[in-house]
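Architecture and fold: a report
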Amino acid sequence: MKTTTCYMCACRCGIKVYLKDDKVKYIEGNRDHPVNKGVICGKGAAGIMQHTSPARLSKPLLRVGERGAGEFKEIEWEEALTIATSWLKEVRATDPKKLAFFTGRDQSQGLTGWWASQFGTPNYAAHGGFCSVNMAAAGLYTYGGSFWEFGEPDWKHTKYFLLFGVAEDHASNPIKTGIGKLKGRGAKFVSINPVKTGYSAIADEWVGIRPGTDGLLVGALIHVLLEHQKIDGDYLTRYTNAPWLIIENPGGPDHGLVLRNDAGTPQVWDEAAGHPKVAMTFGSTPSLMGRFLLADGRKTATAFTLIAERFLSQEYAPETVAERCGVSAATIRRIAAELADVAFNQTIELDVPWTDYLGRQYAKTLGRPIAMHAMRGISAHSNGFQTCRAIHILQIMLGTIDVPGGSRYKPPFPKATPPHVKPAGKPGQVAPNKSLPGPPLGFVTGPEDLLVDGEGTPQRIDKAYSWDAPLAAHGLMHMVINNAAKGDPYTIDVLFMYMANMGWNSAMNVPDTIAALTAKKPDGSYVIPKIIYSDAYASETVHYADLILPDTTYLERWDCISMLDRPISEADGPADSIRQPVVEPDRDVRPFQTVLLDLGHRLGLPAMTNPDGDARYPGGYADYIVNHERAPGLGPLAGFRGKDGTAAGRGAVNPNQLQAYIDNGCHWYHELPEHMRYYRHVNWDYLDWATFFGFMGRPEPIIHQLYSETLQKFRLAAEGHGKVPAPAQHRQRIATYFDPIPFWYAPFEEAMVSESEFPMHAITQRPMAMYHSWGSQNTWLRQIFGRNWLYIHKKRAAALGIVDGDWVTVTSHHGTIKAQAKLMDGQNEDTVWTWNAIGKRSGTWALDKDAPESKKGFLLNHLISDLLPEREGGYRYSNSDPVTGQAAWYDLRVRVEKCADQSDESAPQFGALPAVGVAAE
Ligand code: SF4
């Protein structure tokens, strides 16, 4: 038996892998592991079939026919790496940004992002822009944390749990076990989701909301709480920017900015003194509400005054929003009353003294036991950023962030709001044979941080950090291929992808994406000249690449689940883990991370090459995991550091670190003392400790930004103010959506298409038994979901003359598909939905060419346009959130009709691809 970390979804549970004759025989959960404590799900147990999948690639491949024809020849690794090096070397020597390096659900982003920076290209991101950057960015810009991997409900103490838009695949075992704990204690669990499956099906209350209206619902909850003055004034005054003074000078260059003193420190109105004072100081008495005239004649209002005015307006009254949300006003008012009751009548007091950042000592730790959690259902809308911010405002108003029973941070969070990392890639920062001066992804705090030139032209191929998507903290993976094919903003020379099925289900607008991958110039060469792809499996994207670098399975390699990326921390303390090779590969494949380091050395990238020209990490990824230091004493793994392995967090390199992890079940966990487990954004002992661990540069309080000055700076730029004013064509959009106070607006597609022509919403969910496109090639999991259906509410189906099993056409403004209908009750009546990423292209993934996944399965992606319809001036923005660039694939509007063609086959069918890199049928 060997321990390692599961990779059948993103939860990263600890597993025990049993072997016989060096073959994997059985996988079970590791009871000693902090994430899952022995629990394993169906996906995790079926890892054995992923590991032995017939779809595994087995040798490097070089394309010899046309793209898409599936004609490749097998080559040796040396030849493959020589080719890749020559392609990449040429790009680096001329214009490094002509390399676009994009990865999928990559768990080594600490390495891949660093590699891109070393190479010198700003064109790097993983799949976050397609998945959930709205959720991540909204959290990090508001309270220095986020849902999903960066935070969790206080399962032990929560009495009321509100879950928004979470499908079962995300946060799989941790949420399942957490909900089990809630139910064991009789806590109330409310799920807000258009579809009643998975978690929603076992919730105490399911609210079948209309997609894209969650922001309205949350605004209405805030409205009722404000109406009844059910807010935590102490929490708001002490730990948030609610009392900060905002300058009111409409049209002026300082309008909406925070009033600051000469040192740049925010000011509050001191009630006792009757004049402004520095915020966050001991002994002041800040006013939470009010408008104040300064001695110099300037007008100000507290941030909370502006927030209260926004949400107390009739626009957010439950009676106003009810019909649009599909949730009755009575239900909204009742839920708000329940929140108020739990927050203020059922408080928790832990007998744990703690000290805040001003040295104020508290004899007990007070908790308001309401926790919230949200994911892609909120995120994948063009209004997702502001909606997610509204959820955080609701939590903060109730005083529930990182308190007993509330939504808790997981180290290394909290971080500054936003984190102090700016994206690199400005003009002048990208130069031949030069590394970037910083990471390609980061957090802008104003227009001056954008990656644009003097005319406002985007510097990244995906237009991240441009006026199109200023706060694109995860990049826009969904725009790369089509932008590159159009040369908008420029063409590229090499597209390098890793485990990202960007030619199929990680693409919006699949037919156009395939056309882009195969587009040629008049001279017959491809518009995207060179495509390198690394994956373990023969996915749909393999056929469109020129050079294939076959990866191992997750049981055949070293990995680290790192503090530099997304560790496995618990709310009670930091944790990280490793994967070890449980078995050796039986094919001619290499772990991608080791290949990347090898390529880095062949390219002479400074951090991967010693001064004498030798490889810095000749032992590959395992060598890097142990010996790489991002800063003195800080490396990919936080555990067992120091020469003797006794240091935690910061310490010298330990040559035996990997063995120490193996001896400990492949994980490390550092439990925080009780007085450092809550209020960590303002907990002095925690902030001090987190600075030592390298989680922050200096111990400073993380003040929740209910009012976002960063967004207001963009608005001012849209009025022509500041050093970097917005170009004229973007001004209206920036002025509208960069509101410093969350607000709701109709999702773009809904606002642009005719409601009578496209009366229904269409969304996807992932089933509990599968994750992304990996699951639907797995022999065991395919038996649970071998194809997908289009689910329609029974009442709506009856009105449309559709019965169970009918084939229907689903038409959007962009295209039409044919799918088979299933009727159900538990869903919003205005919505159709399906399981995502089950539809496969015939001939891929080593499935039979008539496999149900391709013959009956389908993708909604074919209906989704990557661009919004043309606006005045001819410009087309991406179909994304205007703030972050998050792909808005849940905005989809459709009409559904019974299909004249009732033949047993979904459409479109793209034609069977020949098997590539796997044994043919
Ligand atoms: S929840 Fe995810 S990581 Fe955990 S066992 Fe299941 S598939 Fe593996």
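Attention in this report is confined to the structure presented alongside it. Keep in mind that this is a model prediction, so the values were computed, not measured.

Focus: the overall build of the protein chain
Of regular secondary structure, the protein chain possesses 26 helices and 34 strands. Taking 29 Å as the expected radius of gyration for a compact globule of 921 residues, we find that the protein chain reaches 27 Å, a close match to that expectation. Considered along the principal axes of its C-alpha atoms, the protein chain spans approximately 80 × 70 × 60 Å. Restricting the contact set of the protein chain to residue pairs at least 6 apart, pairs at least 24 apart contribute 71%.

A word on the site of the ligand
By nearness alone, every residue bordering the ligand is listed as Cys6, Met8, Cys9, Cys11, Arg12, Cys13, Ile40, Cys41, Lys43, Gly44, Ser172 and Asn173. Going through the elements one at a time, helix H1 (42-45) and helix H7 (172-185) are the ones with two or more residues in the shell around the ligand. A per-class count over the shell around the ligand returns seven nonpolar, three polar and two charged.

Digging into the pattern of salt bridges
Under the criterion given, the structure shown has 61 salt bridges. Arginine 334 is the partner of glutamate 205 in a salt bridge, and the nearest nitrogen-oxygen pair spans 2.6 Å. One end of the pair, glutamate 205, is in strand E11 (residues 205-207); the other, arginine 334, is in helix H13 (residues 329-345), with 129 residues separating them in the sequence. By relative accessible area, which is 33% here, arginine 334 ends up partly exposed. Of the charged contacts, one joins lysine 855 and aspartate 850 as a salt bridge, the two residues approaching to 4.0 Å between their closest N and O atoms.

Considerations on the packing of helix H3 (residues 77-94) against helix H4 (residues 109-119)
Taken N-terminus to C-terminus, the directions of H3 and H4 make an angle of 55°; their axes are 11 Å apart at the nearest point. One element, H3, and the other, H4, form an angle in the oblique class. Mapping the contact onto sequence places Leu88, Val91 and Arg92 in H3 and Trp115, Gln118 and Phe119 in H4. Within the contact of H3 with H4, the residues separate by chemical class into four nonpolar, one polar and one charged.

As for the nonpolar core
With 296 residues, the main nonpolar core has Trp115, Leu495, Leu547 and Val896 as its most contacted residues. With nine residues, helix H9 (residues 214-227) is the largest single contributor of residues to this core. Every residue in contact with tryptophan 115, bar those within four places of it in the chain, is listed here: Leu88, Leu99, Phe101, Phe496, Leu596, Leu599, Gly600, Leu603, Leu605 and Met608. Membership of the second largest hydrophobic core comes to six residues, among which are Ile247, Leu259, Trp269 and Phe292.

A look at the side chain of serine 382
Residue placement: serine 382 occurs in the loop between helix H14 (376-379) and helix H15 (384-397). At 2.6 Å, the side chain of serine 382 and the side chain of aspartate 891 are in polar contact. What serine 382 contacts, discounting residues up to four positions off in sequence, is Tyr745, Pro747, Phe748, Ser880, Asp881, Pro882, Ala888 and Asp891.

Section: H4
Summarising burial for H4: eleven of the eleven residues are buried, a large majority. Gln109, Gly110, Leu111, Thr112, Gly113, Trp114, Trp115, Ala116, Ser117, Gln118 and Phe119 are the residues of H4 that are buried. Buried positions along H4 lie against H3, strand E6 (99-103), strand E7 (124-125), strand E23 (494-498), helix H18 (592-602) and helix H19 (620-627). Immediately downstream of H4, the backbone of glycine 120 shows phi near 110°, a positive value.

Some remarks on the sheet that holds strand E12 (residues 245-248)
An order of E12-E16-E15 is seen for the three strands of this open sheet, with the pairing classed as antiparallel. The sheet is open, and its two edges are formed by E12 and strand E15 (291-293), each paired on a single side. When the angles between neighbouring strand axes are averaged without regard to direction, this sheet yields 35°. Note that E15 and strand E16 (residues 299-302) share three bridges and pair antiparallel. Residue phenylalanine 292 lies in a different strand from E16, and its bridge partner there is threonine 300. On the sheet, helix H11 (residues 303-312) packs against E12, E15 and E16 and is oriented at approximately 70° with respect to E16.

Some thoughts on the packing of aromatic side chains
As enumerated under the stated definition, the model contains 44 aromatic pairs in all. Between tyrosine 235 and tyrosine 239, the ring centres sit 5.3 Å apart and the planes meet at 80°, which makes this aromatic pair edge-to-face. One end of the pair, tyrosine 235, and the other, tyrosine 239, are both in helix H10 (residues 233-239), four residues apart, so they sit about a helical turn from each other. Taking relative accessible area as the criterion, tyrosine 235 reaches 2% and is therefore assigned buried. What makes tyrosine 239 buried here is its relative accessible area of 3%. Between phenylalanine 785 and tryptophan 835 the ring centres are 5.4 Å apart and the planes differ by 70°, which places this aromatic pair in the edge-to-face class. Pair noted here: phenylalanine 785 is in the loop between strand E29 (760-765) and strand E30 (790-793) and tryptophan 835 is in strand E33 (residues 831-835), with a separation of 50 residues, a long-range link. Accessibility classification places phenylalanine 785 together with tryptophan 835 in one group, the buried group.

What to know about the environment of phenylalanine 714
Here phenylalanine 714 lies in helix H22 (residues 709-718). Taking the C-alpha atoms as reference points, phenylalanine 714 and aspartate 739, 25 residues apart in sequence, are found 9.0 Å from one another.

Focus: the pairing of strand E24 (residues 530-535)
Where burial is concerned, most of E24 is hidden: five out of the six residues are buried. Inspection of the sheet shows E23 paired to E24 by five bridges, in the parallel sense. Residue leucine 495 lies in a different strand from E24, and its bridge partner there is isoleucine 531. Both E24 and strand E25 (residues 547-550) contribute to a ladder of four bridges, which runs parallel. The partner of tyrosine 533 across the bridge, within E25, is isoleucine 548.

Considerations on unusual backbone geometry
The peptide bond linking threonine 417 to proline 418 adopts the cis configuration, its omega dihedral lying at -5°. Mapping proline 418 onto the fold places it in the loop between strand E22 (407-409) and helix H16 (480-486). The amide bond that connects alanine 907 to the next residue, proline 908, takes the cis arrangement and shows omega of 5°. By the element assignment, proline 908 lies in the segment after strand E34 (893-898). Of note in this structure, methionine 280 is not a glycine but carries a positive phi near 60°. Turning to its location among the elements, methionine 280 is positioned in the loop between strand E14 (275-278) and E15. A positive phi is found at asparagine 509, a non-glycine position, where the angle reads about 60°. Given a relative accessible area of 1%, asparagine 509 falls into the buried group.

Let's talk about the sheet that holds E25
Spatially, E5-E4-E25-E24-E23-E6-E7 is the arrangement adopted by the seven strands of the open sheet, whose pairing is mixed. Each having just a single partner strand, strand E5 (72-74) and E7 make up the two edges of the open sheet. As paired elements, E6 and E7 share two bridges and run parallel to each other. In the sheet register, phenylalanine 102 faces E7, and the bridge partner there is alanine 125.

Section: the pairing of strand E31 (residues 807-811)
With respect to burial, E31 is a largely interior element, five of its five residues being buried. Going residue by residue along E31, you find Trp807, Thr809 and Thr811 tucked away on one face and Val808 and Val810 tucked away on the opposite face as well. Bridge count between E31 and strand E32 (residues 816-824): five bridges; the pairing is antiparallel. Along E32, the bridge assignment pairs threonine 809 with lysine 818. Where E31 folds back onto E32 in an antiparallel hairpin, the turn is made up of four residues. Across four bridges, E31 lies against E34 in antiparallel orientation. When the bridges of E34 are listed, valine 810 appears paired with valine 896.

Quick look at the side chain of serine 284
Turning to its location among the elements, serine 284 is positioned in the loop between E14 and E15. The class for serine 284 is buried, based on a relative accessible area of 17%. A distance of 3.4 Å separates a polar side-chain atom of serine 284 from the backbone oxygen of threonine 281. In this structure serine 284 touches Asp270 and Lys277, once residues within four positions along its chain are discounted.

So, how was this worked out
Residues numbered from 1 in each chain as written. Predicted model: local features only at pLDDT ≥ 70, side-chain atom pairs only at ≥ 80, totals over all residues. Heavy atoms only, no water. Helix = DSSP H or I, 4+ residues; strand = E, 2+ residues; numbered from the N terminus. Rg over C-alpha atoms; globule rule 2.2 N^0.38 Å. Contact = heavy atoms within 4.5 Å. Near = heavy atom within 4 Å. Nonpolar A, V, L, I, M, F, W, Y, C, P; charged D, E, K, R; others polar. Salt bridge = Lys/Arg side-chain N within 4 Å of Asp/Glu carboxyl O. Buried < 20%, exposed > 50% of the residue type's maximum accessible area, 1.4 Å probe, protein only. Axes fitted to C-alpha atoms, helices over the stretch in contact; angles between N-to-C directions. Parallel < 35°, antiparallel > 145°, perpendicular 65-115°, else oblique. Core = buried A, V, L, I, M, F, W, Y, C linked by side-chain atoms within 4.5 Å. Polar contact = N/O pair within 3.5 Å; in protein donor to acceptor, adjacent residues only side chain to side chain. Pairing = 2+ DSSP bridges. Phe/Tyr/Trp six-rings, centres within 6.5 Å; stacked < 30°, edge-to-face > 60°.

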